Structures are given as structure tokens and as C-alpha cells.
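Okay, here's what each chain looks like letter by letter:
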Amino acid sequence: MSNLPADASHALEERFRLLLEASPAGVILVDREARILLINQRVESWFGYSRDELIGQFIEVLVPDSVRPHHIPLRDGYLRAPTVRPIGSNRDLHARRKDGSEFPCDISLHPLPQKDDDDLQVMVHIVDITERKRLEAERRQQESHRRLRFMIDNLPAGAVYVSDQTIAANRATEGITGYSRQELRTIENWFTQLFGDRAAEVQAQYNADRALRFPATRTLEIIRKDGQRRWIEHAAYGDDQHEVWLLHDVTERIRAQYQVVQGERLAAIGEMMTALAHESRNALQRSQACLEMLEVDLESQPEALDLVRRAQRAVDELQRLYEEVREYAAPLRLELQESNLRELWMEVWSNLAPSIGTKQIAFHDDCPFVPAASVDRHRFCQVLRNVLENSIAALPSAGGIVSVTSLDARLHGKPALQIAIRDNGSGMSAEQRARLFEPFFTTKARGTGLGMPIARRIMEAHRGEIELGPAESGTEILLRLPMATT
Ligand code: ADP
Ligand code: MG
């Protein structure tokens with residue numbers, strides 16, 4: 001520069017200064033002793049020092065207190081053999097402001113060529129990376145949220161996060177319950193939708209468990225959105241603010257256990273009944289024969305005759321009970337045949353005329369199509385008869401409506417046919433609904449309480465199911481049969 005005219009040299013210096021001030025980086029010039037010779041405006045504002053305070057100071061004034069002792073030998077080493085390089089490329093660097101606070105930064109060193117070693121000057125470039133670090137941390141956090149979400153959403157078990165009365169459910173939970181996350185958003189919705197009449201009771205148990213920090217896993221019966229009842233295992237973990245629930249659908253397991261128990265029970269009942277029936281048959285036949293003889297003798301005595309007839313009816317009932325119990329307990333062997341189900345229920349209905357008696361019953365069979373399925377006709381007719389007989393019995397003497405409809409449905413995730421049999425009769429109390437399929441449960445003076453258990457056994461032998469539908473008045477029975485998949 002020295003051979004430029006003074007004016008030109010001055011202009012160049014001025015431009016150099018403007019360039020320095022315009023730089024987005026902080027620029028510090030130090031001499032070979034590591035003393036600060038020059039800084040730009042950015043250094044002043046980032047570090048909070050004025051130019052006068054920094055000029056002449058050792059560079060260490062800008063180094064965090066904890067690093068300062070190591071810095072001196074490092075910079076001495078560098079100043080003996082300076083090269084252009086970034087520093088701290090494998091660790092996070094920080095700079096110290098005047099007030100002692102620190103900020104993350106990138107630093108690179110540029111030795112300026114000099115004629116003489118003693119004139120060595122090094123330009124230090126420093127960039128405040130607080131904002132970049134913040135964005136990086138934010139991005140990392142978003143990414144880890146995204147991964148966590150993905151993991152929870154794709155968990156094969158139902159997972160639910162609960163906080164402040166709101167619920168976030170994963171995809172498997174939607175599958176288990178049939179409800180969308182939106183529909184399950186609050187604790188309130190959860191209990192009322194999944195537990196129907198029992199919502200208050202189940203919620204009270206949940207609150208009690210919660211107070212004890214969930215000591216046990218619960219097995220609960222839920223009502224899916226499509227009306228199906230399923231069993232879920234519900235495990236909860238949490239504290240006062242956050243909770244996680246894990247849900248497993250254990251319906252198949254419970255069903256299998258029930259079938260084993262039921263099978264054993266039935267085998268025992270069957271054996272007992274066979275023995276009992278054998279012993280009793282003769283006795284019953286003898287009483288029947290005696291009663292018939294008496295009937296002839298007593299023709300002229302109407303009161304005595306009435307007693308005989310009552311005794312005969314009692315013997316008949318006893319015989320019917322034996323037959324039903326045997327039917328219920330005997331092994332089922334099905335002869336499956338592709339059948340037009342509509343024909344079957346029309347036939348069953350017309351054979352029920354004696355039970356209908358004088359009741360005025362409108363029988364609707366509203367089917368958009370003729371349902372066909374592979375069933376054991378005799379057994380399936382028995383199911384229809386047992387269900388329809390109950391409907392007839394539930395209607396008042398004035399009569400009412402019985403309807404049969406069928407539609408496509410799903411059973412254990414496979415295509416199925418669902419037949420709904422409805423009546424607008426007396427309906428059932430909650431206790432009756434709960435005990436409907438229990439053997440020997442009856443509310444009728446002459447009932448056996450085996451009609452529905454037998455129907456269930458036959459439906460299960462068909463790999464189908466029978467259950468109570470969600471009727472608001474009267475009763476609805478749902479029969480589901482698997483459809484042959486071709
Ligand atoms: P039973 O008919 O011999 O009593 P079921 O197993 O067929 O035995 O039925 C058990 C009980 O369920 C009946 O006694 C009755 O209380 C109730 N029930 C069944 N179906 C209906 C219905 N459609 N409407 C009202 N109650 C019903
Ligand atoms: Mg019945």
C-alpha cells in the first residue's frame with residue numbers, strides 16, 4: 001500500500017473499513033502476542049464491549065472463564081505456526097460476553113501474510129450461532145416427536161395417552177373400539193361410548209384404581225361402535241397429570257376359555273342327564289300309563305278328571321325338560337347344507353301358529369336380498385324357533401310386530417351374514433339382559449331357561465355367534481354366520 005498515493009491509500013482503507021463493518025461475521029484482528037488490534041461493529045454488539053475497552057486486551061477476554069486456562073497454550077502453539085483453519089470443529093465453542101454470559105459460536109482463523117514474522121497478524125472470524133443451535137434443537141425435538149408418534153401409532157396394541165380429561169388414542173385403539181380418535185377425545189366420551197349403561201360403574205372403578213395408582217390390570221367388556229361386545233385387557237400407568245393406557249383385545253382368549261369350561265360343564269351335565277333320564281323314563285312312562293287309565297275311570301267325575309289332566313301336563317313338562325337338557329348337553333354334529341335362510345325362517349314362523357294363538361302379530365321380513373349360508377337346517381331352524389318363540393311370548397295378548405332382517409356384516413374380521421330378529425314386546429331388564437344366555441335362566445312359569453343357551457351352542461358350532469342387539473324398546477337378537485369365502 002505504501003507505494004500508492006496518500007489519497008488513494010486513504011480511499012482504499014476507507015473501503016476496507018466499510019467491508020469489515022458490512023460483514024455478517026464478527027471480525028477481530030490480533031497481533032502475535034494475541035492482543036486485540038481491531039474489531040468490527042458486530043463484535044461490539046455481540047459481546048457488549050465498546051471498541052476502546054477491547055483494543056489492546058488479550059483475546060482471552062472473550063473466552064469463557066472455564067476454557068481460559070487451556071486457551072493460552074493453544075493459541076501460543078497456533079501463533080508459532082499459523083494456518084487458515086476453523087477451530088473447535090469437533091466440539092461446541094462458546095464466547096464470553098462482557099456481562100459473563102456466553103453464546104455458542106463458530107470461529108475460524110486467518111493469518112494475514114506479513115513481510116516480517118514480528119508483524120504477524122491473525123484475523124479471527126466469529127459467528128454467533130445461537131439461532132442456528134436453537135433451530136437445530138427444535139428440529140431434533142420435532143424429529144424425535146415424529147418418531148415417537150409413529151412408533152405409538154403403529155404399535156400393535158391399543159395405546160392411549162390421558163391428560164387433563166382429554167384422550168389421545170392410537171390407530172390400534174380405533175381398530176379395537178371401532179371409534180375414531182375424534183370420537184374418543186374426552187374421558188367422558190370414552191366411558192359413555194364404550195360402556196353404555198355401565199359407564200358410571202366402570203368409571204367409578206377406574207377412579208378408585210387411579211387413586212391407588214392402578215394396582216391391577218382390568219379385563220373389561222366394551223361395546224364397539226358397531227354394537228359388538230368385545231373383551232379388552234386394560235393396563236394403566238401414570239401420575240397425577242399424565243396417564244398411559246395399554247389395551248389388548250382378549251375376546252378370543254376369553255371365548256376359548258369359556259368354551260373349555262362350558263364344554264366340561266356340558267359333558268358333566270350330559271352324563272348326569274343320561275343317567276337320570278334312563279332311570280326316570282320308565283317311571284314317567286308308568287305314571288303316564290296310570291294317568292291314562294285313571295282318565296278313563298274318572299270320565300264321570302269332572303273335578304277328579306281335571307286333577308288327572310293337571311298331573312298329565314306336569315309329567316309332559318318334566319319329559320320336555322329332560323329332552324331339552326339332553327339336547328343342550330348332547331354333542332352336536334352338524335350336517336351343513338347351502339340353504340336359503342329366508343325359506344327357513346318362513347317355515348319356522350308358519351309352524352309357530354300354535355304358540356301365536358290369538359295374538360295379532362304382524363310378521364315383517366324385510367330383506368334387501370335372499371340370504372344364503374351353509375347351515376345345518378334342522379339345527380338352525382331350532383335357533384330360529386327358540387328366538388321367535390321368545391318374541392311371541394314377550395308380546396302382550398293384543399299382539400305386536402316381529403321382524404327379521406338380514407345384512408352383510410363382519411365376524412372376527414371376515415365377511416359374515418347378520419340376521420336381526422326384533423320384537424316390540426316387553427323387552428328385558430338389565431339383569432335379564434345380562435343373564436339371557438345363562439342355562440336355566442327363565443322368567444317364565446313354564447320355561448326351561450335353555451332356549452337361548454341351546455341357540456348359542458348351535459350358533460357357535462356353526463362358528464357364528466348370537467347376541468343381544470342394542471334395541472331401545474322390545475328385544476333384538478343378532479345372529480351372525482360366517483360367509484363361505486370363495
Ligand atoms: P325360556 O324361554 O325357557 O324362559 P330362554 O333361554 O329362551 O328360556 O329365555 C330366557 C329368558 O330370557 C326368558 O325367560 C325371558 O325372560 C328372556 N327373554 C328371551 N327372549 C326375550 C324376548 N324376545 N323378549 C323379552 N324377554 C326375553
Ligand atoms: Mg325360550
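All residue numbers here refer to positions counted from 1 along the written sequence of the relevant chain. Chains carry letters and ligands carry numbers; both start at the beginning, A for chains and 1 for ligands, and go up in the order they are written. Two thresholds apply to this predicted model, a pLDDT of at least 70 for residue-level local features and 80 or more for giving and counting side-chain atom pairs, whereas whole-chain, interface and lining totals are computed over all residues. Hydrogen atoms and water are omitted, and side-chain values are computed over all heavy atoms in the structure.

Colleague: Would you explain the overall build of the protein in this entry?
Modeller: Looking only at helices and strands, one finds 15 helices and 18 strands in the protein. The globule rule used for comparison is 2.2 Å times the number of residues to the exponent 0.38, while the radius of gyration itself is calculated over C-alpha atoms. For 486 residues, the compact-globule estimate of 2.2 N^0.38 gives 23 Å, and the C-alpha radius of gyration of the protein, at 44 Å, exceeds that figure by more than 25%. By its C-alpha atoms, the protein is 155 × 45 × 40 Å across when sized along the principal axes. A burial count over the protein gives 38% of its 486 residues as buried. Contacts are assigned to residue pairs that have any heavy atoms within 4.5 Å of one another. Restricting the contact set of the protein to residue pairs at least 6 apart, pairs at least 24 apart contribute 54%. Only the protein chains shown count as cover for residues, and all accessible areas are computed by the Shrake-Rupley method using a 1.4 Å probe. Per element, the accessible surface of the protein, about 28,900 Å² overall, is 53% carbon and sulfur. Counting from the N terminus, the helices are DSSP H or I runs at least four residues long and the strands are E runs at least two residues long. Throughout, exposure labels follow a simple rule: accessible area from a 1.4 Å probe, protein chains only, divided by the maximum for the residue type, with under 20% read as buried, over 50% as exposed, and the rest as partly exposed.

Colleague: How should I be thinking about the sheet that holds strand 9 (residues 218-223) in this particular structure?
Modeller: If you walk across this open sheet you meet the five strands as 8-7-11-10-9, and the pairing is antiparallel. For this open sheet the edge positions go to strand 8 (166-169) and strand 9, each flanked by a neighbour on one side alone. This sheet shows a mean twist of 30° between the axes of neighbouring strands, independent of strand direction. Where strand 7 (residues 158-163) and strand 8 come together, four bridges link them in antiparallel fashion. Strands pair, by our definition, only if DSSP identifies at least two bridges between them. Axis lines are fitted through C-alpha atoms, for helices just across the contact stretch, and the angle between N-to-C directions can take any value from 0 to 180 degrees.

Colleague: Explain the domain arrangement of the protein here, please?
Modeller: By a widespread convention, an interface's size corresponds to the accessible area lost as its parts come together. Each domain of the protein was delimited in the assignment, giving domain 1 (6-134), domain 2 (154-249), domain 3 (254-329) and domain 4 (337-482). An automatic or database domain assignment supplies the residue ranges for each domain. Centre-to-centre separation of domain 3 and domain 4, based on C-alpha positions: 25 Å. At the junction of the two partners, domain 3 supplies 14 residues and domain 4 supplies 15 residues. Across the domain 3/domain 4 interface, buried area totals approximately 1,300 Å², and carbon plus sulfur atoms make up 52% of it. Reported buried area values correspond to the accessible surface (1.4 Å probe) lost by two parts on association, with both partners' losses combined. It is Glu 324, Glu 327 and Tyr 328 in domain 3 that bury the most area against domain 4; as a group they hold 41% of the surface buried on that side. The working definition used for a salt bridge is a side-chain nitrogen of Lys or Arg within 4 Å of a carboxyl oxygen of Asp or Glu. One can count two salt bridges joining domain 3 with domain 4. For the side of domain 3 that touches domain 4, the elements supplying multiple residues, two or more each, are helix 9 (251-297) and helix 10 (302-329). Per element, the largest residue contribution to the side of domain 3 that touches domain 4 is eight residues, and it comes from helix 10. Three residue categories are used. Nonpolar comprises Ala, Val, Leu, Ile, Met, Phe, Trp, Tyr, Cys and Pro, charged comprises Asp, Glu, Lys and Arg, and polar comprises the others, including Gly. A breakdown of the residues in the side of domain 3 that touches domain 4 according to their chemical character gives six nonpolar, two polar and six charged.

Colleague: Explain the packing of helix 7 (residues 187-195) against helix 8 (residues 199-211) here, please?
Modeller: Packed helices, taken two at a time, are described by the angle their axes make and the gap between the axes. The contact between helix 7 and helix 8 brings their axes to 8 Å, and the two run at 130°. Accordingly, the angle class assigned to the pair helix 7 and helix 8 is oblique. As helix 7 runs across helix 8, the sense of the crossing is right-handed. Contacts between helix 7 and helix 8 involve Ile 187, Phe 191, Thr 192 and Phe 195 from the former and Ala 199, Val 202, Gln 203 and Tyr 206 from the latter. When grouped by side-chain class, the residues that make up the contact of helix 7 with helix 8 number six nonpolar, two polar and no charged. Orientation is classified from the angle alone, with under 35 degrees giving roughly parallel, over 145 giving roughly antiparallel, 65 to 115 giving roughly perpendicular, and any other angle giving oblique. Each crossing gets its handedness from the near helix: less than a right angle anticlockwise from the far helix is left-handed, clockwise is right-handed.

Colleague: I'm lost on the environment of Ile 129 in this one. Help?
Modeller: With respect to the helices and strands, Ile 129 occurs in the loop between strand 6 (121-128) and helix 5 (130-153). Of the residues examined, Ile 129 reaches a relative accessible area of 6% and is grouped as buried. Ignoring anything within four residues of it in the chain, the contact list for Ile 129 reads Pro 104, Cys 105 and Asp 106.

Colleague: Just to check I follow, could you spell out the sheet that holds strand 16 (residues 414-423) for this structure?
Modeller: Across the sheet, five strands lie side by side as 13-15-16-18-17; this open sheet has mixed pairing. Where the open sheet ends on each side, the last strands, each with one partner, are strand 13 (360-366) and strand 17 (465-468). Between one strand and the next, the sheet's axes are offset by a mean angle of 20°, whatever the strand orientation. Both strand 15 (residues 399-411) and strand 16 contribute to a ladder of 10 bridges, which runs antiparallel. Bridging across to strand 16, Arg 410 finds its partner in Pro 415. Packed onto the sheet, helix 11 (residues 341-351) meets strand 13, strand 15, strand 16 and strand 18 (475-482) and runs at close to 175° relative to strand 13. Here helix 13 (residues 377-394) sits on the sheet and contacts strand 13, strand 15, strand 16, strand 17 and strand 18; the angle it forms with strand 16, its principal contact strand, is near 30°.

Colleague: Sorry, what's going on with the nonpolar core here?
Modeller: Grouped burial of nonpolar side chains is what soluble globular proteins tend to show. Ranked by size, the top nonpolar core spans 52 residues in total, and within it Leu 341, Trp 349, Phe 380, Ile 419, Ile 466 and Leu 479 carry the most contacts. Once residues within four sequence positions are removed from consideration, Ile 419 is found in contact with Leu 341, Trp 345, Phe 380, Val 404, Thr 405, Ser 406, Ile 477, Leu 478 and Leu 479. As used in this record, nonpolar core signifies buried Ala, Val, Leu, Ile, Met, Phe, Trp, Tyr and Cys residues forming a set joined through side-chain atoms within 4.5 Å. Membership of the second largest hydrophobic core comes to 25 residues, among which are Ala 34, Ile 39, Leu 79 and Val 124.

Colleague: What exactly am I supposed to notice about helix 4 (residues 68-80) here?
Modeller: Residue pairs spaced three or four apart in an α-helix point in one direction, given the helix's 3.6 residues per turn. The terminal C-alpha atoms of helix 4 lie 19 Å apart, and with 13 residues this matches the ideal 18 Å at 1.5 Å per residue to within 8%. Within the sequence span of helix 4, burial applies to His 71, Arg 75, Tyr 78 and Leu 79. Summarising the axial view, the buried residues of helix 4 lie within an arc of 90°, below the 170-degree limit, and thus occupy one face. Along helix 4, exposed side chains directed more than 90 degrees from the buried face belong to Pro 69, His 70, Pro 73 and Arg 80. Here the expected span of a helix is defined as 1.5 Å times the quantity of residues minus one. As used here, the arc is the angular range of directions from the helix axis to the C-beta atoms.

Colleague: Got a minute to help me understand the site of ligand 1 in this structure?
Modeller: Neighbouring ligand 1 are 20 residues, the closest being Asn 390, Thr 442, Thr 443, Lys 444 and Met 452. The definition of a polar contact used here is a pair of N or O atoms within 3.5 Å, where within protein one atom must be able to donate a hydrogen and the other to accept one, and adjacent residues in sequence count solely through side-chain atom pairs. Between an oxygen atom of ligand 1 and a main-chain N or O atom of Thr 448, the distance comes to 3.0 Å. In the model, an oxygen atom of ligand 1 is placed 2.8 Å from a nitrogen or oxygen of the Met 452 main chain. When ligand 1 is considered free in solution it has 530 Å² of accessible area, and contact with the protein chains removes 94% of it. The cavity where ligand 1 resides is the second largest pocket. Classifying every residue of the shell around ligand 1 by side-chain character gives seven nonpolar, 11 polar and two charged. A single heavy atom is enough: if one lies within 4 Å of a molecule or strand, its residue is considered near that molecule or strand. Cavity and pocket criteria rest on a 1 Å grid covering protein atoms alone: a 1.4 Å probe that fits but cannot get out defines a cavity, protein on both sides within 12 Å along at least 5 of 7 lines defines an open pocket, and an atom within 4 Å of a point defines a lining residue. Assignment of a molecule to a cavity or pocket requires that more than half of its atoms lie within 2 Å of the corresponding grid points.

Colleague: Teacher, can you tell me more about the packing of aromatic side chains here?
Modeller: For Phe, Tyr and Trp, where Trp contributes only its six-membered ring, two rings pair if their centres lie within 6.5 Å, and the inter-plane angle classes them as stacked under 30 degrees, edge-to-face over 60, or tilted in between. All chains considered together, the criterion is met by eight aromatic pairs. Geometrically, the ring pair formed by Phe 47 and Phe 103 is edge-to-face, given 5.2 Å between the ring centres and 65° between the ring planes. Residue Phe 47 is found in helix 2 (residues 41-47), and its partner Phe 103 is found in strand 5 (residues 102-112); the two are separated by 56 residues along the sequence. Look at Phe 47 and you get buried, because its relative accessible area is 1%. Pairwise contacts between aromatic rings join Trp 190, Phe 191, Phe 195, Tyr 206, Phe 214 and Trp 245 into one cluster. Sitting above the plane of the Phe 437 ring, Arg 456 keeps its charged end 3.9 Å from the centroid. Placement of a charge over a ring requires the Lys NZ or Arg CZ to be within 6 Å of the ring centre, with the centre-to-atom vector within 35 degrees of the ring normal.

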